[in-house]
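The residues making up each chain are set out below.
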Amino acid sequence: MYLKARIPLVCTYDSEADAAYVYLDHPIAAAAVKQMIPFDPADGMFILDADAEGHILGVEILGAREHLPPALLQAILDSGQDHEQED
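Residues numbered from 1 in each chain as written. Predicted model: local features only at pLDDT ≥ 70, side-chain atom pairs only at ≥ 80, totals over all residues. Heavy atoms only, no water.

Considering the overall build of the protein chain
- The helix and strand tally for the protein chain stands at two helices and five strands.
- The linear arrangement of helices and strands in the protein chain, starting from the amino end, is β-β-β-β-β-α-α.
- Seen through its principal axes, the protein chain has C-alpha atoms that stretch 35 × 35 × 30 Å.
- Taking all contacts inside the protein chain whose residues are at least 6 apart in sequence as the whole, residues at least 24 apart take part in 39%.
- If you sum the accessible surface of the protein chain, you get close to 6,500 Å²; carbon and sulfur atoms cover 55% of it. (Helix = DSSP H or I, 4+ residues; strand = E, 2+ residues; numbered from the N terminus. Contact = heavy atoms within 4.5 Å. Areas by Shrake-Rupley, 256 points an atom, 1.4 Å probe, with all protein chains shown as cover.)

Structure representation (structure tokens):
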């Protein structure tokens, strides 16, 4: 069986680190991430954040300018999310 769904994604981008985060669950509760699963293809680093049951909560993408589709990165930048600052 093939099911198709469209859901909004929450993505953030840190231009200084050239790192993006794609939330698969949002918001991620404090201390919910119990596993960080890195994988490193030849030209970049990706980290899957998982909870205690192994559910993937989000994906961190280092070298985002090289690895994200340009339209997605532009949409993040246009939304102003890269200008948000945490207190």
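Once the structure has been displayed, the description carries forward.
A closer look at the environment of Asp40
- Along the chain, the position of Asp40 falls in the loop between strand 3 (35–39) and strand 4 (45–50).
- Its relative accessible area of 56% is what places Asp40 among the exposed residues.
- For the pair formed by Asp40 and Leu62, sequence separation is 22 residues and the distance between their alpha carbons is 9.8 Å. (Buried < 20%, exposed > 50% of the residue type's maximum accessible area, 1.4 Å probe, protein only.)

Comments concerning the packing of aromatic side chains
- Evaluated as defined, the whole model comprises two aromatic pairs.
- When the ring of Tyr21 is compared with that of Tyr23, the centres are 4.6 Å apart and the planes differ by 65°; the resulting orientation is edge-to-face.
- On the accessibility criterion, Tyr23 (22% relative accessible area) is partly exposed. (Phe/Tyr/Trp six-rings, centres within 6.5 Å; stacked < 30°, edge-to-face > 60°.)

Structural notes on the sheet that holds strand 2 (residues 19–23)
- One open sheet holds the five strands; their spatial order is 1-2-5-4-3, and the pairing between them is antiparallel. Lying at the two open borders of the sheet, with one neighbouring strand each, are strand 1 (10–14) and strand 3. Ignoring which end each strand starts from, the neighbouring axes of this sheet average 20° apart.
- Two strands pair when backbone bridges link them, and strand 3 and strand 4 are joined in this way by five bridges, in the antiparallel orientation. Among the inter-strand pairings, Ile37 is bridged to a residue of strand 4, identified as Leu48. (Pairing = 2+ DSSP bridges. Axes fitted to C-alpha atoms, helices over the stretch in contact; angles between N-to-C directions.)

Topic: the pairing of strand 2
- Where burial is concerned, most of strand 2 is hidden: four out of the five residues are buried.
- In the sheet, strand 1 pairs with strand 2 via five bridges, with the strands oriented antiparallel. Paired with Cys11 across the bridge in strand 2 is Val22.
- Here strand 1 hands over to strand 2 after four residues, with Asp18 in that stretch at a positive phi of 50°.
- Bridge count for strand 2 against strand 5 (residues 56–62) is five bridges, and the pairing is antiparallel.

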